[in-house]
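Fold and geometry: a report
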There are 2 protein chains.
Amino acid sequence: MAEADFIARLRALATHPAARGLMDDAAVLGDLVLTHDMIVEGVHYLATDPPADVAWKLVAVNLSDLAAKGAEPVGVLLGYPLRDASWDAAFADGLTVALARFAVPLLGGDTVSAPVGASRMLGMTAIGRSADAPDRRGARAGDGLWLVGAIGDAAAGLAIARGERDGPDALLAAYRRPVPLLEEGRALAPHASAMADVSDGLLIDATRIAAASRLSVTIDLDAVPRSPALDAFAGDDRAARLAAATGGDDYALILAAPPHAAAAVVATGAIRIGGFVAGAGLTLFDRDGAVPLPDRLGWEHG
Amino acid sequence: MAEADFIARLRALATHPAARGLMDDAAVLGDLVLTHDMIVEGVHYLATDPPADVAWKLVAVNLSDLAAKGAEPVGVLLGYPLRDASWDAAFADGLTVALARFAVPLLGGDTVSAPVGASRMLGMTAIGRSADAPDRRGARAGDGLWLVGAIGDAAAGLAIARGERDGPDALLAAYRRPVPLLEEGRALAPHASAMADVSDGLLIDATRIAAASRLSVTIDLDAVPRSPALDAFAGDDRAARLAAATGGDDYALILAAPPHAAAAVVATGAIRIGGFVAGAGLTLFDRDGAVPLPDRLGWEHG
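From a predicted model like this one, the values you see are computed outputs, not experimental measurements.

1. Some points on the overall build of chain A
Per the secondary structure count, chain A includes 10 helices and 12 strands. By the compact-globule yardstick of 19 Å for 302 residues, chain A fits well, its C-alpha radius of gyration being 19 Å. Dimensions of chain A, computed from C-alpha atoms along their principal axes, come out at roughly 55 × 45 × 40 Å. Each of the 302 residues in chain A was classed as buried or not, and the buried ones make up 56%.

Structural data, given as structure tokens:
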């Protein structure tokens, strides 16, 4: 409740149209797309995660916001608390690999001293350019809800990273080394009436598009694609599908697109998983009929 | 040493010309100026500092980097760890006041959960526009070293905030509510061959301009202006002048400017405190002759 108050206070400061009312993944200033994400030790990653993977994730979560706006990355700024030389060196290795992988230069930032034992809070700002950045608020009644990317693999990978279960490397990698869908985002942006990345969970992120667009969204849980690795790991029943759809950290893209854009959207590899209609809220169904909404649709702070 | 290694690693990633080799206060991409500063509880501010002042300072240190590039602010992105509702609310109050004072909109950012008891690490990215952003690397032999703003007041204010001594509100305010010299920066930029803000200490920041420009800098310690409040608080002897020149947190501007620009520079209120010549390093003097360099020229991480 206090957190909601704080965000409402920030929203009151976000009067510039580029801020999009803080309802979007990124600020859009002319053709510039600007996003800033923080990841916190013990919240967004485990203290035991390899530092190179943490660097990768910091880059990936920021670039995923650019992907959701159809943007080409221009560069990043890093906010980094120095704390431990060997961890820092391994982080630098991972940062080098991740920036090279996505061909993004480091443009600046800040390194600061951190108190001994302080939980690391790592910040990154990513800057991109997009000729036509879709807005989270732009879905229209009659649009389909489309998805490109994997859902649920990362949440399964988190359970493996936590040592709760053994599981395949592919799922662990989905959690530790998510891949922002930059190319897909650029291909989809011209056809999308709204687009966002799935960071906090498919159900909550789809609901946010609906709320920002003042619509209701319906999702066919069976239509949400699953990897063979996830089916083998978690099974395929309704509980497993709900867990995947609320797990978060997926960095898939979801979008609203009108029926006439279907062929272009399908060509990118996206799959139709639902649609938008007049109203409010989320409706779920599967082969067995209506699905009661779970208590938790995803992470409230991701 | 390990920190220097880490920064050298980052520098290797900063291959884009906009990064200016990470030698500058900000990245400069066309007419855009981009900076990201972090401030850390217990390092850049005291846990007992009022949250509204911490918000002010976060805004001010970022806008000061824009001032040093002669930029007009466009907006800011905030990276904020939520930890305590009453602190957060007071921070929001201060943020509202600071952004209104400098007429800067919030464009976006990220709020995250922080572990209980974690030291806050607050990030801000500021975006500005400047037609002609001076480079820290641009000083030329024969240029004067000019200063606009107060030196030493903030370090005295820190001693007061720490309870080490009683002192006037004006000095405490210089520490808690520094004012970025945006207007002066815009007026000076067309005449400056190099410019930077004084965040880590006058001596270290002037030496950084010299090093980035492959020159030597000479400073007349007696020419560095002092406020009457500082003279009354700390006295006026060499030790007091050295303390002021190494104290940091001033958010004054220093610049290199050629002799023919002197009249235009004076018109902004700047004062000549030294000059650049061929060579390397820092030379200090005062009315009594050469001044041995202090062990510490300022903060290595500010």
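From this point on, the discussion continues.
2. Regarding the packing of helix 4 (residues 153-161) of chain A against helix 5 (residues 169-176) of chain A
Between two packed helices, what matters for the description is the angle formed by their axes and the separation of those axes. Residue and element names in this part refer to chain A. For the pair helix 4 and helix 5, interaxial distance at closest approach is 7 Å and the crossing angle is 100°. With respect to each other, helix 4 and helix 5 are oriented roughly perpendicular. Residues Asp 153, Ala 154, Ala 156, Gly 157, Leu 158, Ile 160 and Ala 161 of helix 4 pack against Leu 171, Leu 172, Ala 173, Ala 174, Tyr 175 and Arg 176 of helix 5.

3. Points about the pairing of strand 4 (residues 106-113) of chain A
Residues and elements named next belong to chain A. Most of strand 4 sits inside the fold, with six of its eight residues counted as buried. Pairing geometry for strand 3 (residues 72-82) and strand 4, over seven bridges, is parallel. Paired with Leu 78 across the bridge in strand 4 is Gly 109. Chirality of the crossover, the property in question, places the unit of strand 3, helix 3 (residues 85-101) and strand 4 among those that are right-handed.

4. Looking at the packing of helix 2 (residues 51-68) of chain B against helix 3 (residues 85-101) of chain B
Residues and elements named next belong to chain B. With their axes 7 Å apart at the nearest point, helix 2 and helix 3 run at an angle of 45° to one another. Overall, the two elements helix 2 and helix 3 adopt an arrangement that is oblique. When the axes of helix 2 and helix 3 are compared, the crossing they make is right-handed. Between helix 2, through Pro 51, Ala 52, Asp 53, Val 54, Ala 55, Trp 56, Val 59 and Ala 60, and helix 3, the contact on the second element is made entirely by Trp 87, Ala 90, Phe 91, Asp 93, Gly 94, Leu 95, Val 97, Ala 98 and Leu 99.

5. A few points about the nonpolar core
Within the largest apolar cluster, 211 residues are counted, with the highest numbers of intra-cluster contacts made by Val 59 and Ile 254 of chain A together with Val 59 and Ile 254 of chain B. Residue contacts for Ile 254 of chain B: discarding those within four places in its chain leaves Leu 145, Trp 146, Leu 147, Ala 196, Val 198, Asp 205, Ala 206 and Ile 209 of chain B.

6. Focus on helix 2 of chain B
Helix length check: helix 2 of chain B (18 residues) gives 26 Å between terminal C-alpha atoms against 26 Å at 1.5 Å per residue, within 8%. Counting buried positions along helix 2 of chain B gives 18 out of 18 residues, so the element sits mostly inside the fold.

7. Quick notes on the interface of chain B and chain A
The partner chain A presents 55 residues to the 55 residues of chain B that form the contact. Residue assignment for the side of chain B that touches chain A shows that the elements contributing at least two residues are helix 1 (2-13), strand 1 (27-29), strand 2 (32-40), strand 3 (72-82), helix 3, strand 4 (106-113) and strand 5 (121-129) of chain B. No other element matches strand 4 of chain B, which puts eight residues into the side of chain B that touches chain A.

8. Examining the pairing of strand 11 (residues 281-286) of chain A
All names here are of chain A. In the sheet, strand 8 (residues 216-220) pairs with strand 11 via five bridges, with the strands oriented parallel. When the sheet's bridge partners are listed, Ile 219 is paired in strand 11 with Leu 284. Alignment of strand 11 against strand 12 (residues 289-290), held across two bridges, turns out to be antiparallel. Each residue of the ladder has a partner; that of Phe 285, found in strand 12, is Ala 290.

9. Some remarks on the sheet that holds strand 12 (residues 289-290) of chain B
Read across the open sheet, the seven strands follow the order 7-9-6-10-8-11-12 (chain B); overall the sheet is mixed. In the strand order of this sheet, the two ends are held by strand 7 (194-198) and strand 12 of chain B, each with one partner.

10. Structural notes on the relation of the copies chain B and chain A
Once chain B is rotated about the relating axis by 180° and shifted along it by 0.0 Å, it coincides with chain A to within an RMSD of 0.0 Å. These values place the two chain copies in the arrangement generated by a two-fold rotation axis. Looking at the interface residues of chain B, 100% of them are also at the interface in chain A, so both copies use one shared face.

11. Let's talk about the sheet that holds strand 1 of chain B
Pairing between the strands of a sheet comes from backbone hydrogen bonds, and it takes one of two forms, parallel or antiparallel. Residues and elements named next belong to chain B. Spatial ordering of the open sheet is given by 1-2-5-3-4, a layout of five strands whose pairing is mixed. If you trace the sheet from one side to the other, it starts and ends with strand 1 and strand 4, each paired once. The average angle at which neighbouring strand axes cross in this sheet is 15°, direction not considered. One ladder, built from three bridges, connects strand 1 with strand 2; its direction is antiparallel. Within the sheet, the bridge partner assigned to Val 28 lies in strand 2 and is Val 33. On top of the sheet, helix 2 reaches strand 2, strand 3 and strand 5; it is set at about 145° to strand 2, its chief contact.

12. Side note on the confidence of the model for chain A
Of all residues in chain A, 99% have pLDDT values of 70 or greater, and the mean over the chain is 95. Across the assembled chains, the prediction reports ipTM 0.92 with pTM 0.94.

13. Details of unusual backbone geometry
A positive phi angle, close to 55°, is found at Leu 22 of chain A, a residue other than glycine. If you trace the backbone, Leu 22 of chain A turns up in the loop between helix 1 (2-13) and strand 1 (27-29). Its 19 C-beta neighbours within 10 Å are what place Leu 22 of chain A among the partly exposed residues. The phi dihedral of Ala 103 of chain B is positive, around 55°, even though this residue is not glycine. Its place among the elements puts Ala 103 of chain B in the loop between helix 3 and strand 4.

What counts as what
Residues numbered from 1 in each chain as written. Chains lettered and ligands numbered in written order. Predicted model: local features only at pLDDT ≥ 70, side-chain atom pairs only at ≥ 80, totals over all residues. Helix = DSSP H or I, 4+ residues; strand = E, 2+ residues; numbered from the N terminus. Rg over C-alpha atoms; globule rule 2.2 N^0.38 Å. Buried ≥ 20, exposed ≤ 12 C-beta atoms within 10 Å, placed from the backbone. Axes fitted to C-alpha atoms, helices over the stretch in contact; angles between N-to-C directions. Parallel < 35°, antiparallel > 145°, perpendicular 65-115°, else oblique. Contact = placed C-beta atoms within 7 Å. Pairing = 2+ DSSP bridges. Right-handed = clockwise from strand over helix to strand, strands pointing away. Left-handed = near helix turned anticlockwise from the far one by under 90°. Core = buried A, V, L, I, M, F, W, Y, C linked by C-beta atoms within 7 Å. Expected span 1.5 Å × (residues − 1). Least-squares fit on C-alpha atoms with pLDDT ≥ 70 in both. pLDDT = per-residue confidence, 0-100.

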